[in-house]
Structures are given as structure tokens and as C-alpha cells.
2 protein chains.
Amino acid sequence: MALGASPSSGLGHPVDQAAQVVAVDCNGADRGPAEVAAGAALAAARGVRVVLFGPAAELGEPAANVEVVDAPVSIAKSDDPVSAARRTAEASIVQATKAVAAGRAQALVCAGGTGAALAAGLFNIKRMHGIYRPALALPLPLPRGAVTLLDVGASAEARREHLVQFAFMGAALASTVLGVARPRVGLLSNGEEARRGSPLVVEAHAELSRRADAGGVPFEWVGNVEGDDVVGAAADVIVTDGVTGNIALKLMEGVSQTMLGAIRDAASASLRGMLGGALLRAALRGFREQIDPELQGGAYLLGLRRLGVVPHGRFTRKGFAEAMVRAERGAREDVVGQIQRSLADAGAQREAPMSAPVASLRETE
Amino acid sequence: MALGASPSSGLGHPVDQAAQVVAVDCNGADRGPAEVAAGAALAAARGVRVVLFGPAAELGEPAANVEVVDAPVSIAKSDDPVSAARRTAEASIVQATKAVAAGRAQALVCAGGTGAALAAGLFNIKRMHGIYRPALALPLPLPRGAVTLLDVGASAEARREHLVQFAFMGAALASTVLGVARPRVGLLSNGEEARRGSPLVVEAHAELSRRADAGGVPFEWVGNVEGDDVVGAAADVIVTDGVTGNIALKLMEGVSQTMLGAIRDAASASLRGMLGGALLRAALRGFREQIDPELQGGAYLLGLRRLGVVPHGRFTRKGFAEAMVRAERGAREDVVGQIQRSLADAGAQREAPMSAPVASLRETE
């Protein structure tokens, strides 16, 4: 099946409900490729068809609905993933993205190496028509439900029109894969007022407000939100540039780990603390389950012609399975088509010819 | 004593060890002006001379070494602090900053309304010679010692040369007021490598590296640091733009509150949880004391001709007292002179005439 003929090519065709296959790069996971294969078995048991790309010798006997392509070469840890993705045709992520581009699979999961996934995805799956920049969207697991932050690091430089597109992309992800009926979308700033923020944020706020006032957005625009809203209830989707998003993400991890470390220290410093920690542990189980990042499947690579999901390398089989289930759901619910249609309806597509290297490659749509 | 004749005017003169007076705006505190006056009594007991500006009727009988100027008008909650500071001569913050400008006091503490403090400070105390932009520096209370983040919101737009000056300003604060012998200074980015970050961050990294390589910085330059390093041990001072700094600050507050709320919920959901929480509470007391923001006195307003300290409006007398003690220490150790000398030695001062409104006011130096 060629990409151009695919029913979920983002051209508004209905999606074939039965044919969604997920291509999975098994290299890069902290626990090794076998843990990803174990995740594939769990996903297959939930009805997902998977093609694994990794070292066949380590992946064991594939489960039903799981196919293995022997691809032992990994560029997940490369210092220069762009060059590596361009030059290493045999790398598992390159083979997986080519399988998606060729229509052999309808979505991508990459178990390690976000940089390699992004580069190989751009080269092979290619940027979606009318998109300036792909973005990494991360649904943050929170007690009241996920808040999706994007971009968390696909681009280091953002312009107004990029942030505007991120709003549409994040909303489409939330309304399909994450099941939020009409997502509330906010823009991360240092104050709620329209005048607050860097010049970039002020410009993006003005354009999103203008579009929302004109009824041209398929989401509820809530305007600027602040740092604490990232873990609050003010928005379902929060838009920011990739550098700020990445800083926010790592800061959250740092703060949680500092606090958990202090609690652990307190709960081991004395008999009294130990007893207290043990008693509280059971009560905190529900909270720990709510904030488990594996439940969200990982970060979502948006803006390519197919959906990509990048689970964290430290995930267990449970998280890898969730990534595959959600990648399949995204393909079946046509998140790519939704993004493309909503941008087209809003007239927010990129019109100029692409100047980036991938533009010189032959377009398949 | 006129500002120009002051021994700590930033011109390299030795500082009079005995004459440091702190002007304090009492309006804006959540617990009311009397709580600030109670803080002044504590600071006075530690040897600090204080002039309070606030509603005399609410401040009670002043302690020894505390003077009261009746100034009941507050602009702390103004929506437009710039206009309010310009037009409201009788406002307590305007009177306090004018007292500092006139040499009646050598440092400022403002108990509420960062915007008003910044505006009145710029109008009356004025920008330090050679400084592009003032910055708000916040020492974050952490178990391993404070990490100072700046700017946390004085400016919404930053240029390369601003971030470079923030590095010098933060280092001078750390080495005087915070007692760090040779501060390690980092630049907040989305990766440690020099090429990582927004174009602004990449440029600032290059200039700071060039200056450090040439031996022209009075601190240890550690290069880029990441989001988790804000609560880590990689640097004593972390430089960022005011929007990112403000987002980081509020995000930290949000994450801590979410986690503490979950623990509180767990510790009240069952008898077992309650018992666990009670037993753990004592063990966590040391941690809670280490991360108490009141211990750091608040945020430091750097880049004016005198040091300003802005404690959080929700502080108690303990935090307000700490702000006054540290403001006095900053004046006595001449943090302003240190900033000015280190920038002059490095040739990193602003050379062009100031174009901002305050430039049209008569210079007092």
C-alpha cells in the first residue's frame, strides 16, 4: 500500500478501521529491546498489529499479530542524530520510518532516541503538508487528568505562526487520542493578561485570540496561562516553544524527585519515620498510579504525515504497550487528518514552499 | 547625605560599616502592615536600622532603631504600577524609594507589589550606570543550599547583553549577600551543549564562554544547565530571561503544591494514612525548614543604584525580618559597587545613552 493511496493520508478520506499497523523501533530502551517486544505482546493482546524493528536474536518468539524485522543497528544514542539518520539506512529507526512511509504501517513508535526519531521521521515520513515545524507533545500525568504540553523540544526556535499551529496540533491530539471532547488550549506566559510575555508570546496570543473571536478554531481558547497551570486545571493543552517546554519538563522532574527524595530520606532516618512512611505508602498508591508517566504512552510527535509516539527509554513493557495502543488509536482516529483539516479550515497552513532540506525530496502526496 | 556622596554609591569607595539604613514599604503584605512592623522589630534586634513607610495608625509603637513615616497610601495592588508609581507621590513605595535616592536609607525592602517596587525603584533610585535592565533574582531554598535564579520577571524581553549582565549581577549577589565564595554560574537551556537553546541562549552562551576563557569573569562559568539543575547542584546562580524565569518559578510552586496536596489527602483519607502522616511529619520537619522561602528574604531587585529586596506578600514577620537583615548586609557589603566594578573590569557595561523614559530624568551620579 503506497502512502499516497492510504485512507488516512490526511486528505479527509474515511479511515479503514481494521488496517492500522504500528511500526516499532525497539532499540534505545533502557531495559533493552526484549522489554519493547514484551510491550508489543501486551499491545497485540489488546488488538494492535505491530511490526518490530530491532535485533531479532534478542526479541524472542513474536506474539500473534507481531512481526519482527531484524534490524540490530541502533542510532538511538547518536550524538548527531540528523547525520546518523541520513547515513544509516540499516538503522532500526530508519527502517521503521521507511515502513511507515511505504504504507506498511500507519503509525510509528520509537522506544529511544527522540532526536533520531525526529530526524528519521522528517526524512522518511516527512512533514505534513502546510506544517512549519513538527512538535513533541507530552501529556503530563496529573491527578485531575492529563495536561498536554507542546512543544517539549522538537524545535529550538519558534515563530508566532509555529505556536499557532501547535495549538491546532495539540487540540487534535487531545480530541482524538486523549479523548477530550473540546480541548481548552492555553499559551504559556508570565501572566494571564494579553500584554504579558515575550514579544513572541504576545504576538501568538493576539493571533490566536483573533482566530478564536472569528470562530475559526476547533478548541476552546483560554488565553495565557502561567507556570503553575501546567500542573493545574486551567487548560487541557498548553502551547509553548520547544526550549521553554523542555526546561519546564525537566524542572518538573527535578522538583518531584527532590521532594520524593526528601520524603524517602525522612522515612528511613528513624524508626518513627520508617513506620510513618510504610503506613503512608499504601495511602499514596492511588496518587502514584495517577501520575505514572507510562499511562500516557510517552511524547507524541506531531506534524509528520503519520503519528509518532516516543515513549521514555526508561519505560517498562506496560508503557511501551500503551504507546503502541495509542499510536494505533491515533492512526485509526486519523489525528493527522484532523490536524490537516482544522488548519485548512482556519487558513492557518503554511503556504510558501518549504526551504528545509526535506523540501527537496520528492513529495509523495 | 546625598546619593552622590554616599560611600556605597557604586563608585568603588569603601562602605561605612555603621550607617546602613533600610527603607521599608509596609503596604501590600497579606497579613497587613503590622506584620511588617513586627518583622522590623526582629530585624532591629539583630542590629538593623529601619525606616518604615506605612499607615502609622496600624504600625504600633516602633521598636528601638525603627522609625515610622506615616504613608497610608498603597499602590501595591495597582493594575498599572508604572502609572501609579509615576503619579502617586504620597504612595508608601514612592516615599520609600525617594528616601533611598536621597541617601536617607541605603537599601529598600518592599513587602508587596513587585511591579510597584520595580517602577518606583526605576523612577526614583534609578538604574545603575552601565546596566541595560534590572533583574529580579530569587534564591530558591533547597536542601543542598540556595540556587539563585534570575531574572524571574523584571523584564519580558531579553537580549544577549542583558543575560550576560545578569550573570555578573547574580554572581555579585551570591558572593556578598548569600556568602558563596566563587559562585558557579550557568545559563538555563534545553541541553548542556553550547549549540543547544534558542538563538538568544546560544548567543549568550558564546559571549559568556568567550569572556570566561579570557579570564574576564569573577565567577565560575559552568555553561548551559537544564531544567532539573534549577533544583540541583550544578550551579549557584542560573541565568534566564524574565518570562522563562517566571514560568519556572510558578511551575515549581505548582508541582510542590500538587505533591504536598496529594500527601495531605493521603494522610487524611484513612486512619492508617493519618497515623503515617503524623509519624512522618516530625521526620520531615528538617526538610520543611530547609525549603522555607522566608529564610532567603525574598527576591532581590538588582541593577538599581541601591539594592532592593522584595519579600513575598504572604511572608510572616520572620521573612520580612530576613529581608531587612539581608538588605542591610547587601548595602554594607556593597553589592551594587561589586556589580559595577565587575562589569567595568569586564568591559560589559552599557555604553550607549539610555533611551528608556528614566534616562530623561536628571542623573544624580
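Everything quoted here is computed from the prediction, not taken from an experiment.

*Asks:* Sorry, what's going on with the pairing of strand β5 (residues 135-140) of chain B here?
*Replies:* Residue and element names in this part refer to chain B. Most of β5 sits inside the fold, with 6 of its 6 residues counted as buried. Burial of the side chains of β5 extends over both faces: A135, A137 and P139 are buried on one face and L136, L138 and L140 on the other. Between β5 and the antiparallel strand that follows it, strand β6 (residues 147-150), lie 6 residues; G145 among them carries a positive phi value of about 115°.

*Asks:* Is there a simple way to think about helix α8 (residues 242-269) of chain A in this case?
*Replies:* Along an α-helix, residues three or four apart share an orientation, since each turn contains 3.6 residues. For α8(A), built from 28 residues, the straight-helix expectation of 40 Å at 1.5 Å per residue is met to within 8% by its first-to-last C-alpha distance of 40 Å. You can read the cap of α8(A) off the contacts: a side-chain oxygen lies 3.1 Å from the backbone nitrogen of V243(A), and it is on D241(A).

*Asks:* How should the environment of D151(B) be read in this particular structure?
*Replies:* All names here are of chain B. Structurally, the position occupied by D151 is in the loop between β6 and α6 (160-176). For D151, a relative accessible area of 0% translates into the label buried. Once the C-alpha coordinates of D151 and A299 are considered, the two residues, 148 residues apart in sequence, prove to be 9.9 Å apart. Setting aside residues up to four positions removed in sequence, D151 forms contacts with A135, L136, F166, T240, D241, G242, G245 and N246. A distance of 2.8 Å separates the side chain of D151 from the backbone nitrogen of A154, its partner in a polar contact. Polar side-chain contacts of D151 include one of 2.9 Å to the backbone nitrogen of S155.

*Asks:* For this particular structure, what's the right way to read the sheet that holds strand β7 (residues 184-188) of chain B?
*Replies:* Backbone hydrogen bonds are what pair the strands of a sheet, in a parallel or an antiparallel way. All names here are of chain B. The 11 strands lie next to each other as β3-β2-β1-β4-β11-β10-β5-β6-β9-β7-β8, forming an open sheet whose pairing is mixed. The open sheet has two free edges, formed respectively by β3 (66-70) and β8 (220-225), since each of these has just one partner strand. Across the sheet, the axes of successive neighbouring strands diverge by a mean angle of 25°, strand direction being ignored. In terms of strand pairing, β6 meets strand β9 (residues 237-239) through 3 bridges, oriented parallel. Bridge pairing links T148 to V237 in β9.

*Asks:* Explain the relation of the copies chain A and chain B here, please?
*Replies:* When chain A is fitted to chain B, the residual RMSD is 0.0 Å, and the transformation amounts to a turn of 180° plus an axial shift of 0.0 Å. The superposition operator between the copies reduces to a two-fold rotation axis. Of the C-alpha atoms belonging to chain A, the one lying closest to the rotation axis is found on G276(A), 1.9 Å away. When the interface residues of chain A are mapped onto chain B, 100% of them again lie at the interface, so the same face is used by both copies.

*Asks:* I would appreciate a short explanation of the confidence of the model for chain A in the present structure.
*Replies:* The predicted coordinates should not be examined in detail at positions where pLDDT is low. Residues and elements named next belong to chain A. When pLDDT is averaged along chain A, the result is 89, and 91% of the positions lie at 70 or above. Counting interchain partners and residues more than four positions distant, the pLDDT-below-50 stretch residues 355-365 has 20 contacts. Here the complex is predicted with pTM 0.88, and the ipTM for its interfaces comes to 0.87.

*Asks:* When you look at the pairing of strand β2 (residues 49-54) of chain A in this model, what are you seeing that I'm missing?
*Replies:* A regular strand places its side chains on the two faces of the sheet in alternate fashion. All names here are of chain A. Most of β2 sits inside the fold, with 5 of its 6 residues counted as buried. Where strand β1 (residues 21-25) lies against β2, 5 bridges are found, and the strand directions are parallel. What sits directly across from V24, in β2, is L52. One ladder, built from 5 bridges, connects β2 with strand β3 (residues 66-70); its direction is parallel.

*Asks:* I keep staring at the pattern of salt bridges and nothing clicks. Help me out?
*Replies:* For side chains of opposite charge, pairing can occur when their charged atoms come near one another. Tallied over the entire structure, the rule returns 30 salt bridges over all chains. One salt bridge in this structure joins E322(B) and R46(B), with 3.3 Å as the shortest N-O distance. Residue E322(B) is located in helix α10 (residues 317-332), and its partner R46(B) is located in the loop between α1 (33-45) and β2 (49-54); the two are separated by 276 residues in the primary sequence. Assessed through its relative accessible area of 12%, E322(B) is described here as buried. For R46(B), a relative accessible area of 47% translates into the label partly exposed. Two residues, D236(B) and R184(B), come together in a salt bridge whose shortest N-O distance is 3.0 Å. With D236(B) in the loop between β8 and β9 and R184(B) in strand β7, this residue pair connects regions lying 52 residues apart in the sequence. On the accessibility criterion, R184(B) (25% relative accessible area) is partly exposed. Linked through salt bridges whose partners overlap, the residues forming this network are R159(A), R160(A), E161(A), E203(A), E207(A) and R211(A).

Reading the values: rules and limits
- Residues numbered from 1 in each chain as written.
- Chains lettered and ligands numbered in written order.
- Predicted model: local features only at pLDDT ≥ 70, side-chain atom pairs only at ≥ 80, totals over all residues.
- Heavy atoms only, no water.
- Buried < 20%, exposed > 50% of the residue type's maximum accessible area, 1.4 Å probe, protein only.
- Helix = DSSP H or I, 4+ residues; strand = E, 2+ residues; numbered from the N terminus.
- Pairing = 2+ DSSP bridges.
- Expected span 1.5 Å × (residues − 1).
- Polar contact = N/O pair within 3.5 Å; in protein donor to acceptor, adjacent residues only side chain to side chain.
- Contact = heavy atoms within 4.5 Å.
- Axes fitted to C-alpha atoms, helices over the stretch in contact; angles between N-to-C directions.
- Least-squares fit on C-alpha atoms with pLDDT ≥ 70 in both.
- pLDDT = per-residue confidence, 0-100.
- Salt bridge = Lys/Arg side-chain N within 4 Å of Asp/Glu carboxyl O.

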